[in-house]
Amino acid sequence: MPHDDKNAARRYPPVGAEDDLPPFDLPQVPGTGVQGAEGSASPVQRASISERARAAALPPYLTGLNPEQREAVEALDGPVLVLAGAGTGKTRVLTTRIAHILATGRAYGSQILAVTFTNKAAREMKHRIGGLVGGAVEAMPWLGTFHSIGVKILRRHAELVDLKSGFTILDTDDQLRLLKQVIEAEGLDKDRWPARQLAGLIDGWKNRGLTPSKVPPGEGFAFGNGKGAALYAAYQKRLKELNAADFGDLLLETLRLFMEHPDVLADYHRRFRYILVDEYQDTNVVQYLWLRLIAQGSPNICCVGDDDQSIYGWRGAEVDNILRFEKDFPGARIIRLERNYRSTGNILAAASGLIAQNKGRLGKTLFTDGETGDKVTVMGVWDDEEEARSVVREIEEQGKAGQRLNGIAILVRASFQMRAFEDRFVTTGIPYRVIGGPRFYERAEVKDALAYLGVTLNPANDLKFERIVNVPKRGLGDTSVERIHALARARDIPLFRAAREIVETEELGGKARKSLRDLVTAFERWRSLIDTMKHTELAELILDESGYTAHWQNDKSPQAQSRLENLKELVRFMHEFETLEAFLEHVSLVMDTEQGDDGERVSLMTLHAAKGLEFDTVFLPGWEEGLFPHQRALDESGEKGLEEERRLAYVGLTRARRQAKVSFAQNRRTRGLYQSALPSRFVDDLPEANVEVLETKSPFGGAYQNFGNPFEGGFGRGGYGKSRFDNAEPRFGATYDTPGWQRAQSYEKTKSRDENWSRDAEQRRRSAMRPTITIEGELIASSAAAGAGYAVGTRVRHQKFGLGTVTDVDGNKLTIEFDRAGRKRVVDSFVTPA
DNA sequence: CGAGGACAGATTTTT
DNA sequence: TCTGTCCTCG
């Protein structure tokens, strides 16, 4: 992660420091110059001469924009909402707009506030702005995530919100540990009132901008015998005592700071001339309030988003924010980007038809000048296994036909669906990657290591100390820890100091006393080395001396190896930072490791994780009622939930450049039970004209259909539930109404498409020559590199299944008896010799 | 302390 | 059905 503000986060320069930075060295637009030095008044009005001159000599970054994009880039004055549909060049507009502000000399980089939701997006923006203006991105200190900008502001004014500038940022584990303590301190049963639930509540409140005193009485009441809000207050108090903030605080406390200290707010008003917000549809209440406060200083706020892609309502996002933009910012200009550069006509039409069923949209109509392309296919299959088999079979065929695997993705609604696909990939030997899921920094071993480093740096970090005091096991059980706690409480000192003192007493048993003394001594020694030893070496030393490395080396579980790898990766990653402190600061906010290009692989991920990505071919399995839309979304959020699910379907479809393939299973194994399911209503939402219904292809030919294919005789017949294909009144004027006809037609389509396949070869070759799509996100699992031949009896290791013994070899297919996972058939490239 | 059994819970996930 | 967590027992 090359460009994050690792340094900026370490020093806490006073407000105004960067204003002295020199302006970008940019090719100046004719007739303009860098105007308005620091602190000067409103942007200088351009003379019409310069306007004309500028139009005559279009700066290079403006060429290639379509009229709407260009309008969005050039509308610098006043509030602007850019409604950017999927694949319409949203990021391009945002980055070009920034380049434009800089190039026209309207503001310095340090006077632009640009917020994103994810580090990935921030990184991408920095990268692309760098490309446009030539690497001067270091001078954009206020481009970052809401959270990272929040921290930056809070560090500067920490005392005003009862913190000290060096406050630590709690991760989820720390937060839970602390909440558990708070719950117990209130005399509540921690089993009856799980910390997780309280964490959820508090998060929700913080997302809505509610401090403890503002929590609506009814809401706090549901938890802990009516003590919900009190627990929240107690938690906040503890946070201050620990000089710590959780993620929610990074926003909420900044908001409080602004509201309680208008002079501070005014500073930022003066500072920010231009405000840009990415993914506005995902903002929650705090973020919204935060932005509104800051925007009081400048009308030049530009929010970019797509109400149709709002899929994070469940974690506090308010679509309303984007729907309400015009009211919030009177005189706002609304610019719609509707020209899609990604998908074929059929895919776009199908997606548009689907999303049109939602109410309460701002409304956009995507179009493309590109080819019509293949229709979206819909396929019903017998069950989830059959679905995985047929999808993977098709991927195999496409792969053989020369389609790049990096251009193929399977997008599922819930992660348990991935399993069936992974199994098929493993048995067929098709390389795949899983994107999303638990992140690097969330892994236990990484957190443990970070805890060691954190305590070394800051012995007052109680939560981290508690995390590793007995990891690896060193005989310091609950009793010992509780005694340390008691002393710490009694004397009002950090745990570490209490530990140091308690070993001088007789309070602990001999064994515990010795290991605690050793631990304390070790930490003190490590601490003494901080200034003299290189931080990466120190980290290695700590991990070795603490016994942590050995702990995993001695661990026999299949994951032990990869955990050790992760530790190495962590240390490797530290090299990019100057100091231990800088590293830890960065890590608490950002910890996605960039994934290198690891060759051609099919991508497997959830629909949520797919937002922002694109693929040539997208498989969308599991379109069944109850799964997608998910039952819980319907139960908990009713119509709103349904619409969000539909937007998720829309996001899924619009990831596809050339082919979108929907499927659903009539039966699915869920929680052990084999249950029948109805096709998703979203299948019915697709416009007939852009859909092609596929026959279930089966390796068993007709015989298979005889015993199981529910589509014998067509959709919906035979008691498998109603489908739109039964509808007496086809909504889009379909020209068929009998299942037989429909089947025949789809067969024809399939055939002619296959024939077109070779004719399209040229086209495909061209698309294959497009630059490889970058798949950002985190690689969680993937097949291993190619393996060699294995003999029966060989001990091997599999990434997922662990150790096992080869019992049969058939070409490159091995039958392996796994110690833990039982017998599996696996392609040899997925295992390594043990 | 560690192993093994009982038990609940099983969408989506960033920071 | 599977997983992760908690609790008990040796």
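By convention here, each chain's residues receive numbers from 1 onward along its written sequence. Chain letters and ligand numbers both follow the written order, the letters beginning at A and the numbers at 1. In keeping with the predicted nature of the model, local features appear solely for residues at pLDDT of at least 70, side-chain atom pairs appear and are counted solely at 80 or more, and the whole-chain, interface and lining totals rest on all residues. Note that water and hydrogens are dropped before the side-chain values are worked out from all heavy atoms of the structure.

1. Structural notes on the overall build of chain A
Part 1 of the reasoning: For chain A, the count of helices and strands is 32 helices and 22 strands.
Part 2 of the reasoning: The classification of residues rests on relative accessible area computed with a 1.4 Å probe and restricted to protein chains. Under 20% of the type maximum is buried, over 50% is exposed, and intermediate values are partly exposed. Per-residue burial for chain A yields a buried fraction of 53% across its 834 residues.
Part 3 of the reasoning: Residue contacts follow a heavy-atom distance rule, with two residues in contact if any of their heavy atoms lie within 4.5 Å. At a minimum sequence separation of 6, the contacts of chain A that also span at least 24 residues come to 76%.
Part 4 of the reasoning: We get accessible surface area from the Shrake-Rupley algorithm with a probe of 1.4 Å; when it comes to residues, only the shown protein chains can shield them. Surface accessibility of chain A: about 35,200 Å² in total, with carbon and sulfur atoms responsible for 51%. Only runs of H or I of at least four residues qualify as helices and only runs of E of at least two qualify as strands under DSSP, and these elements are numbered from the N terminus.

2. Observations concerning the domain arrangement of chain A
Part 1 of the reasoning: Delimitation of the domains relies on an automatic or database domain assignment. Split into domains, chain A comes out as domain 1 (57-167 + 243-339), domain 2 (169-241), domain 3 (355-431 + 599-694), domain 4 (441-576) and domain 5 (794-833).
Part 2 of the reasoning: Computed from C-alpha coordinates alone, the two centres of domain 1 and domain 2 are separated by 30 Å.
Part 3 of the reasoning: Each partner contributes to the interface: domain 1 provides 22 residues, whereas domain 2 provides 15 residues.
Part 4 of the reasoning: A 1.4 Å probe defines the accessible area here, and the buried area is the portion of it lost by two parts on being joined, summed over both. For the domain 1 face of the interface with domain 2, the top three residues by lost area are A244, D246 and L252, together amounting to 32%.

3. Considering the layout of surface pockets
Part 1 of the reasoning: Estimated volume of the second largest pocket: approximately 1,200 Å³.
Part 2 of the reasoning: Residues are said to line a cavity or pocket when one of their atoms sits within 4 Å of a point; the points come from a 1 Å grid over protein atoms alone, cavities being sets where a 1.4 Å probe fits but cannot get out and pockets being open sets with protein on both sides within 12 Å along at least five of seven lines. The wall of the second largest pocket is formed by 38 residues, among which Q181, R238, E466, H485 and L495 lie closest to the centre.
Part 3 of the reasoning: Those elements that provide at least two residues to the lining of the second largest pocket are α6 (172-185), α9 (228-241), α19 (462-468) and α20 (478-491).
Part 4 of the reasoning: For the lining of the second largest pocket, the element with the most residues is α6, which contributes 9 residues.
Part 5 of the reasoning: Classifying every residue of the lining of the second largest pocket gives 15 nonpolar, 8 polar and 15 charged.
Part 6 of the reasoning: Each of domain 2 (169-241) and domain 4 (441-576) gives at least three residues to the lining of the second largest pocket. Grid points are joined across faces, edges and corners, and a volume is the space filled by probe spheres set on the points. Residues are grouped as follows: Ala, Val, Leu, Ile, Met, Phe, Trp, Tyr, Cys and Pro are nonpolar; Asp, Glu, Lys and Arg are charged; all remaining types, including Gly, are polar.

4. Thoughts on the nonpolar core
Generally speaking, soluble globular proteins have nonpolar side chains that are buried together.
Part 1 of the reasoning: Judged by nonpolar contacts, the single largest core of 67 residues is most densely connected at L113, F167, F258, I275, Y280 and W290.
Part 2 of the reasoning: Considering every element that reaches this core, the biggest residue donor is helix α12 (residues 285-295), with 7 residues.
Part 3 of the reasoning: In this structure, this core is formed jointly by two domains, domain 1 (57-167 + 243-339) and domain 2 (169-241), each of which donates at least three residues.
Part 4 of the reasoning: Among all residues touching L113, those that are not within four sequence positions of it are W142, I149, F272, Y274, I275, L276, W290 and I294.
Part 5 of the reasoning: Within this scheme, the nonpolar core is defined by two criteria: the residues are buried Ala, Val, Leu, Ile, Met, Phe, Trp, Tyr or Cys, and they are joined through side-chain atoms within 4.5 Å. Counting 51 residues, the second-largest nonpolar core is a separate cluster that includes I484, L516, L564 and F583.

5. Focus: the protein's contact with DNA strand B
Part 1 of the reasoning: Taken together, 27 residues lie near DNA strand B, and N119, S415, R439, Y441 and T606 sit nearest.
Part 2 of the reasoning: For DNA strand B, the backbone makes up 54% of the atoms found within 4 Å of the protein, where backbone means sugar plus phosphate.
Part 3 of the reasoning: Here a polar contact is recorded for every N or O atom pair within 3.5 Å, except that within protein the pair must consist of a potential hydrogen donor and a potential acceptor, and residues adjacent in sequence are included only if both atoms are side-chain atoms. Within the backbone of G475, one N or O atom sits 2.9 Å away from a phosphate oxygen of DNA strand B.
Part 4 of the reasoning: Among the elements that line the surface near DNA strand B, the one with the most residues is helix α28 (residues 631-653), at 4 residues.
Part 5 of the reasoning: Its residues placed into classes, the surface near DNA strand B shows 8 nonpolar, 10 polar and 9 charged. When at least one non-hydrogen atom of a residue lies within 4 Å of a molecule or strand, that residue is treated as near it.

6. A closer look at α12
Part 1 of the reasoning: Of all 11 residues in α12, 8 are buried, a share of seventy percent or more.
Part 2 of the reasoning: Structurally, the start of α12 carries an N-cap: the backbone nitrogen of V286 is 3.2 Å from a side-chain oxygen of N284.

7. Thoughts on the packing of aromatic side chains
Part 1 of the reasoning: By convention, a stacked pair of Phe, Tyr or Trp rings (six-membered ring in the case of Trp) has centres within 6.5 Å and planes under 30 degrees apart, an edge-to-face pair has planes over 60 apart, and any other such pair is tilted. By the definition in use, this model includes 25 aromatic pairs.
Part 2 of the reasoning: Ring plane angle 55 degrees and centroid distance 6.1 Å describe the contact between Y452 and Y548, whose orientation is recorded as tilted. With a gap of 96 residues between them, Y452 in helix α18 (residues 444-457) and Y548 in helix α24 (residues 548-553) connect regions that are remote in the sequence.
Part 3 of the reasoning: Classification of Y452 by relative accessible area gives buried; the value is 0%.
Part 4 of the reasoning: Overall, the relative accessible area of 0% leaves Y548 in the buried class.
Part 5 of the reasoning: When the ring of F577 is compared with that of F583, the centres are 5.6 Å apart and the planes differ by 65 degrees; the resulting orientation is edge-to-face.
Part 6 of the reasoning: Judged by its relative accessible area of 3%, F577 is buried.
Part 7 of the reasoning: On the accessibility criterion, F583 (0% relative accessible area) is buried.
Part 8 of the reasoning: These aromatic residues form a ring-pair network of at least three members: Y452, F465, F496, F523, W526, Y548 and W552.

8. Quick word on α28
Part 1 of the reasoning: What a helix should span is 1.5 Å times the count of its residues minus one. Relative to the 33 Å expected for 23 residues at 1.5 Å per residue, α28 spans just 21 Å between its end C-alpha atoms, considerably shorter than the ideal helical length.
Part 2 of the reasoning: Consider a residue and the seven residues that end there alongside the seven that start there; fitting an axis to each set, the bend is the angle between those axes. Helix geometry: α28 is bent most strongly at S637, by close to 140 degrees.

9. Some details on the sheet that holds strand β8 (residues 333-337)
Part 1 of the reasoning: In space, the 6 strands of this open sheet follow the order β3-β2-β6-β7-β1-β8, with parallel pairing throughout. Looking at strand neighbours, the two that pair on one side only are β3 (143-145) and β8, the edges of this open sheet. Taking the axes of each pair of neighbouring strands and ignoring which way they run, one obtains an average angle of 15 degrees across the sheet.
Part 2 of the reasoning: Note on pairing: DSSP must find at least two bridges between two strands before they are called paired. Note that strand β2 (residues 112-116) and β3 share 3 bridges and pair parallel. Paired with T116 across the bridge in β3 is T145.
Part 3 of the reasoning: To obtain each axis, a line is fitted to C-alpha atoms, and for helices this fit is confined to the stretch in contact; angles are then taken between N-to-C directions over 0 to 180 degrees. Strand contacts of helix α2 (residues 67-74): β1 (80-84) and β8, with the helix running at about 145 degrees to β8, the strand carrying the most contacts.
Part 4 of the reasoning: The strands that helix α4 (residues 119-133) touches are β2 and β3; relative to β3, the one it contacts most, it runs at about 165 degrees.

10. Details of the confidence of the model for chain A
Part 1 of the reasoning: Averaged over every residue, the pLDDT of chain A is 79; residues scoring 70 or more account for 78%.
Part 2 of the reasoning: Per-residue confidence from the prediction method is given by pLDDT, with values spanning 0 to 100. A low-confidence stretch, residues 1-45 (pLDDT under 50), is modelled with 93 contacts involving residues beyond four sequence positions or located in other chains.
Part 3 of the reasoning: Low pLDDT (under 50) marks residues 699-788, which in the prediction has 149 contacts with non-local residues, meaning those over four places away or in another chain.

11. Describing the side chain of N667
Part 1 of the reasoning: Among the secondary structure elements, N667 is positioned in strand β14 (residues 656-670).
Part 2 of the reasoning: Relative accessible area serves as the criterion here: at 8%, N667 is assigned to the buried category.
Part 3 of the reasoning: When residues no more than four places from it in sequence are discounted, the contact partners of N667 are W382, D383, D384, Y674, Q675 and S676.

12. A look at the packing of helix α15 (residues 345-355) against α28
Part 1 of the reasoning: The N-to-C vectors of α15 and α28 enclose an angle of 175 degrees; their axes lie 9 Å apart at closest approach. Considering the angle they form, α15 stands roughly antiparallel to α28. For the pair α15 and α28, contact is made by I347, A350, A351, S352, L354 and I355 and by R646, R647, A649, Y650 and L653, respectively. Here roughly perpendicular refers to angles of 65 to 115 degrees, roughly parallel to angles under 35, roughly antiparallel to angles over 145, and oblique to all remaining angles.

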